[in-house]
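Now for the letters of each chain:
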Amino acid sequence: MKFFLDTANIDQIKAANDMGILDGVTTNPSLVAREGKDFRTLVEQICRITSGPVSAEVVSTECRAMMTEARELRQIAPNVIIKLPTIAEGIKALKICVAEEIPVNMTLVFQPLQALIVAKVGAKFCSPFLGRLDDIGEDGMKLIHDMRQIYDNYMFETEILAASLRHPFHVLEAAKAGADIGTMPYSVFEQLWKHPLTDLGLEKFLSDWKKLK
Ligand code: E4P
């Protein structure tokens, strides 16, 4: 399973990259707005840190305008992936992107038929939002299982990019369900290797070592 960071924060991206376990980055308009910086500059900075896929989302809702944004964003770096919303105009834009060999991450996916449609059209990544489904009392993880089955049935190459992961258990369950990628905030990412028994064990080893001296 590949690990992406779901953030536009440069310090967090650098920290994850320094650990050697950062496979890519996803951003969205809310995350970018939180940083209060120019979008293009931010994407440039992120692409200088990682050579993995960096999703940059369009904010237009009409196909032609989406394509103008997509082509501009693609100029920033070869690893920029265009993020399009899974609405009719977004799917039309996806078709054009596929023809122009622009890699696309289809976002805001909440049910398996949306995932099937975007794979048929040729999305490189499809982002189901688990946490937001859980938030409204639905089983977000079931969507990953359904997508895995559909993609395997028809041998689609679209990668399942499990998104809206809110805690390490989401990451674990998404991995078991066969998601290709998990994208998560830094607060979840840094919990992946932490365990209180590791810290306690180390503390004991070091205090015993001091006694030897
Ligand atoms: C994914 O690409 C989205 O940016 C993200 O995972 C949304 O997560 P949220 O539901 O916690 O905002």
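If you're wondering where the values come from, they're calculated on a predicted model, not measured in any experiment. (Residues numbered from 1 in each chain as written. Predicted model: local features only at pLDDT ≥ 70, side-chain atom pairs only at ≥ 80, totals over all residues. Heavy atoms only, no water.)

### A short note on the side chain of Thr183
Alright, step 1. Among the secondary structure elements, Thr183 is positioned in strand E8 (residues 181-184).
Alright, step 2. A polar contact of 2.6 Å, which involves the side chain of Thr183, links it to the side chain of Thr26. (Helix = DSSP H or I, 4+ residues; strand = E, 2+ residues; numbered from the N terminus. Polar contact = N/O pair within 3.5 Å; in protein donor to acceptor, adjacent residues only side chain to side chain.)

### Considering the pattern of salt bridges
Alright, step 1. Under the counting rule described, the total for this entry stands at 13 salt bridges.
Alright, step 2. For the salt bridge of Glu44 with Arg40, the shortest nitrogen-to-oxygen distance reads 3.5 Å. Residue Glu44 and its partner Arg40 are both found in helix H3 (residues 39-49); the two are separated by 4 residues, about one turn of the helix.
Alright, step 3. Across the pair Asp180 and Arg148 runs a salt bridge, and its minimum N-O distance is 3.3 Å. One end of the pair, Asp180, is in the loop between helix H9 (168-176) and E8; the other, Arg148, is in helix H8 (residues 140-153), with 32 residues separating them in the sequence.
Alright, step 4. Judged by its relative accessible area of 16%, Arg148 falls in the buried class.
Alright, step 5. Sharing partners across several salt bridges, the network here consists of Lys2, Lys124 and Glu159. (Salt bridge = Lys/Arg side-chain N within 4 Å of Asp/Glu carboxyl O. Buried < 20%, exposed > 50% of the residue type's maximum accessible area, 1.4 Å probe, protein only.)

### Observations concerning the packing of aromatic side chains
Alright, step 1. In this structure the tally under the stated criterion is 6 aromatic pairs.
Alright, step 2. Aromatic pair Phe110 and Phe129: ring centres 5.6 Å apart, planes at 65°, arrangement edge-to-face. Placement of Phe110 in the loop between strand E5 (104-109) and helix H6 (112-121) and of Phe129 in the loop between strand E6 (125-128) and helix H7 (130-135) is noted, with a sequence separation of 19 residues between them.
Alright, step 3. According to the relative accessible area criterion, Phe110 is partly exposed, its value standing at 30%.
Alright, step 4. Taken together, a centroid distance of 5.8 Å and an interplanar angle of 75° make the contact between Tyr151 and Phe156 edge-to-face.
Alright, step 5. Given a relative accessible area of 1%, Tyr151 falls into the buried group.
Alright, step 6. Here the aromatic cluster, defined as three or more aromatic residues joined through ring pairs, consists of Tyr151, Tyr154 and Phe156.
Alright, step 7. One Lys or Arg, Lys124, reaches over the ring of Phe125 and ends 5.2 Å from the middle of that ring. (Phe/Tyr/Trp six-rings, centres within 6.5 Å; stacked < 30°, edge-to-face > 60°. Lys NZ or Arg CZ within 6 Å of the ring centre and 35° of its normal.)

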